[in-house]
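Chain and residue survey
In case you want the letters, here they are:
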Amino acid sequence: MSGKTLKPTLSGSRNKTRKRDEKERYEPAVFRDAIITGLEDVGNNHDQILRYLCETATGKLDVKRYGEVLLDVLFVGGIIAPGGAIEGNVRTDICLTRQSHEDMKSFTNIYIQFIRRYKWLQKSLGEEIRKIIMVMRVCLNENERGLLGSATAYLLIEGIIPPNLLSGLTQEHLLKDDVAVHFATSLFRTWLQERDITSLTSTLKKASLDPSLQDIFPLGQRSLDHIEQYFENEALNEMVQHVRSQRKNNNRKVSWPGSSFTSTTMSTTPLS
């Protein structure tokens, strides 16, 4: 009789699998729950949150693998599902968009210090903000979008995220119901409390936004008269002066047909 004799095996025994051959399961909900538990254990104490992130979360949890989940929780309190809804409606209040306006600078500073310590998260942070902007109509209410706008200003000022992520504000679904305008207004207000209009306009230029800001307003509200009045109502006087300056610049570029004359006296003519 040819062939090898099979060795008997004990009943119920299992062949050992090498650890490196095991396929690790991807369980974002488990990671989310662990982060939420950790945040809620320390409460809304900003120093304790930073310590938890830098010492406990990065030391005991696989932050590199679940970086997007971590940022979702830190910004909106839960996992952002495709389309923008909060997955499973599981959400903590210990997150950026559930803070008060008065605490926004201090809370954003947690992220700035955290990212500076773990530089590999910086690119992911920019992608996270871009993603949230695109779905903020769904996952955030108006007040929360304002908080996100304010935090975005702080992060841009510190050079933590790139200006070009603001280009998404011109998307049609964000123009409806002034979603983009309200976000941008909060960003402008915070920026002008920290820096000047020149640095703001420079950042908007890097974001490829129209200097007159017409492309963040709905189509029927893009006249410079309307935009100027809007910023007057918001008591953003530096933005009002900026729009007036844009009006003058636009008027200087208007040339009459068949003439080499360039008008410099048309500031009363409404432009769209």
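Reading the values: rules and limits
- For every chain, the first residue of the written sequence is number 1, and numbering continues from 1 along that sequence.
- With the structure being a predicted model, the display of local features is reserved for residues of pLDDT at least 70 and the display and counting of side-chain atom pairs for 80 or more, all residues being used for whole-chain, interface and lining totals.
- To obtain the side-chain values, all non-hydrogen atoms of the structure were used and water was disregarded.
- Every axis corresponds to a line fitted to the C-alpha atoms, with the helix fit spanning only the stretch in contact, and the corresponding angles, defined between N-to-C directions, vary from 0 to 180 degrees.
- Helix and strand labels come from DSSP, where a helix needs a run of H or I of at least four residues and a strand needs a run of E of at least two; each type is numbered from the N terminus.
- Orientation categories follow fixed angle ranges, with anything under 35 degrees roughly parallel, anything over 145 roughly antiparallel, 65 to 115 roughly perpendicular, and all other angles oblique.
- By definition, turning the near helix anticlockwise from the far helix through less than a right angle yields a left-handed crossing, and turning it clockwise yields a right-handed one.
- Two residues qualify as a contact provided that any one of their heavy atoms is within 4.5 Å of a heavy atom in the partner residue.
- The nonpolar class holds Ala, Val, Leu, Ile, Met, Phe, Trp, Tyr, Cys and Pro. Asp, Glu, Lys and Arg form the charged class, and all remaining residues, Gly among them, are polar.
- By salt bridge we mean one thing: a side-chain nitrogen of Lys or Arg within 4 Å of a carboxyl oxygen of Asp or Glu.
- Exposure classes here rest on a 1.4 Å probe applied to the protein chains alone. A residue is buried below 20% of its type maximum, exposed above 50%, and partly exposed in between.

Take the packing of helix α1 (residues 28–42) against helix α2 (residues 46–60) next. Interaxial distance between α1 and α2 falls to 9 Å at its minimum, and their mutual angle equals 140°. Comparing their axes, α2 and α1 come out oblique. The hand of the α1/α2 crossing is right-handed. In contact with Ala34, Ile35, Gly38, Leu39 and Val42 of α1, α2 contributes Gln48, Ile49, Tyr52 and Ala57. For the contact of α1 with α2, a count of residues per class yields 7 nonpolar, 2 polar and no charged.

With the rule as written, the count across this model stands at 16 salt bridges. For Glu128, the salt bridge is made with Lys131, and the minimal N-O distance between the two is 3.4 Å. Residue Glu128 and its partner Lys131 are located together in helix α5 (residues 122–139), separated by 3 residues, close to a single helical turn. The class for Lys131 is partly exposed, based on a relative accessible area of 22%. Between Arg244 and Glu232 there is a salt bridge whose closest N-O contact spans 3.1 Å. Separated by 12 residues along the polypeptide, Arg244 in helix α11 (residues 237–252) and Glu232 in helix α10 (residues 224–233) bring together distant segments of the chain. It is possible to trace a salt-bridge network through shared partners that takes in Asp225, Glu228, Glu232, Arg244 and Arg247.

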